[in-house]
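These are the residues of each chain, in order.
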Amino acid sequence: MASKNYFLNGVAELLILSILKKNDTYIYDIKKIISEISNNTLPMSQNTIYAAAYKLENENKITEYPKLVGKKRTRIYYHIEDAGMEYLEKLTSDYQMVTTNVGNILKFLANDKENTSNE
């Protein structure tokens, strides 16, 4: 189970930074965006998102600031910093490389299995 969490934490960082690249936002909205776009098929808890956001904040990749919404309610918004933009470029590149190569390997193995079963 730990490897799944590690994987999801990396994906959470990629998604958080990608969302923040478009607009500053708050954790609940990040969770909502991920859920809506993935049709609730990406199992990412709010705790996972908070943990990734705290890590990114501690690494100075994102910053937080309070924003008054309504007369008395304050939300904590997150903003991507330059270091976060650089890290997002690296994460995106790594993600594309991994998904492309895993796809190629699976396709090769599927074709190899078909060729082996035809012999």
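This text follows the structure it describes.
Since this is a predicted model, take the numbers as computed values, not measurements.

J.: Got a minute to help me understand the overall build of the chain in this structure?
T.: Helix and strand content of the chain: four helices and two strands. Walking the chain from its N terminus toward its C terminus, one meets helices and strands in the order α-α-α-β-β-α. Within the chain, buried positions represent 27% of all 119 residues. Of the contacts made within the chain by residues no fewer than 6 positions apart, 50% connect residues no fewer than 24 positions apart. For the chain, the exposed surface amounts to about 8500 Å²; the carbon and sulfur share of it is 54%.

J.: Help me understand a nonpolar patch on the surface, please; the structure alone is not making it clear to me.
T.: Together, M97, V98, V102, I105, L106, F108 and L109 make up an exposed nonpolar region whose accessible area comes to about 680 Å². Inspection of the secondary structure assignment puts F108 in helix α4 (residues 82-118). A residue is classified by how much of its surface remains accessible, and F108, at 54% relative accessible area, is exposed.

J.: Would you explain the pattern of salt bridges in this entry?
T.: Overall, the coordinates contain four salt bridges when judged by the stated rule. A salt bridge links E59 to K55; the nearest nitrogen and oxygen atoms lie 3.0 Å apart. For K55, a relative accessible area of 35% corresponds to the partly exposed category. Taken together, the salt bridges that share partners define one network made up of E13, K55, E59 and K61.

J.: What exactly am I supposed to notice about the pairing of strand β1 (residues 62-69) here?
T.: Side chains on a regular strand alternate between the two faces of the sheet. Across eight bridges, the pairing between β1 and strand β2 (residues 73-80) is antiparallel. Bridge pairing links E64 to Y78 in β2. Connecting the antiparallel pair β1 and β2 is a turn made up of three residues, with G70 showing a positive phi of about 85°.

J.: Any chance you could explain the packing of helix α2 (residues 27-37) against helix α3 (residues 46-58) here in plain terms?
T.: At a minimum axis separation of 10 Å, α2 and α3 run at an interaxial angle of 120°. Viewed along their axes, α2 and α3 adopt a mutual orientation that is oblique. Remark: the crossing between α2 and α3 carries right-handed chirality. Here α2 contributes I27, Y28, I30, K31 and I34 to the contact with α3, which in turn contributes Q46, I49, Y50 and A53. Of the residues assigned to the contact of α2 with α3, the class counts are seven nonpolar, one polar and one charged.

Reading the values: the criteria
Here the residue index of a chain counts from 1 through its sequence in written order. The model is predicted, so local features are restricted to residues of pLDDT at least 70 and side-chain atom pairs to those at 80 or more, both for listing and for counting; the totals for chains, interfaces and linings are taken over all residues. Calculation of side-chain values draws on the structure's entire complement of heavy atoms; hydrogens and water are dropped beforehand. Helix and strand assignments follow DSSP, with helices taken as H or I runs no shorter than four residues and strands as E runs no shorter than two, numbered in order from the N terminus. Think of it in three bands: with a 1.4 Å probe and only protein chains considered, a residue is buried below 20% of the maximum accessible area for its type, exposed above 50%, and partly exposed in between. Any pair of residues with heavy atoms lying within 4.5 Å of one another is described as a contacting pair. Surface accessibility follows the Shrake-Rupley procedure with a 1.4 Å probe radius. Residue values consider only the protein chains on display as shielding. Each patch is built from residues that are more than 30% exposed by relative accessible area and take part in no salt bridge. Like charges join if they lie within 9 Å; nonpolar side chains (Val, Leu, Ile, Met, Phe, Trp, Tyr) join within 5 Å. In the sections that follow, a salt bridge refers to a side-chain nitrogen of Lys or Arg positioned within 4 Å of a carboxyl oxygen of Asp or Glu. At least two DSSP bridges between two strands are required for those strands to pair. Axis lines are fitted through C-alpha atoms, for helices just across the contact stretch, and the angle between N-to-C directions can take any value from 0 to 180 degrees. Oblique is the label for any angle not under 35 degrees, not over 145, and not in the 65 to 115 range, which are roughly parallel, roughly antiparallel and roughly perpendicular in turn. Less than a right angle of anticlockwise turn of the near helix away from the far helix marks a crossing as left-handed, whereas a clockwise turn marks it as right-handed. Ten residues, namely Ala, Val, Leu, Ile, Met, Phe, Trp, Tyr, Cys and Pro, are considered nonpolar, four, namely Asp, Glu, Lys and Arg, are considered charged, and the remaining ones, Gly among them, are considered polar.

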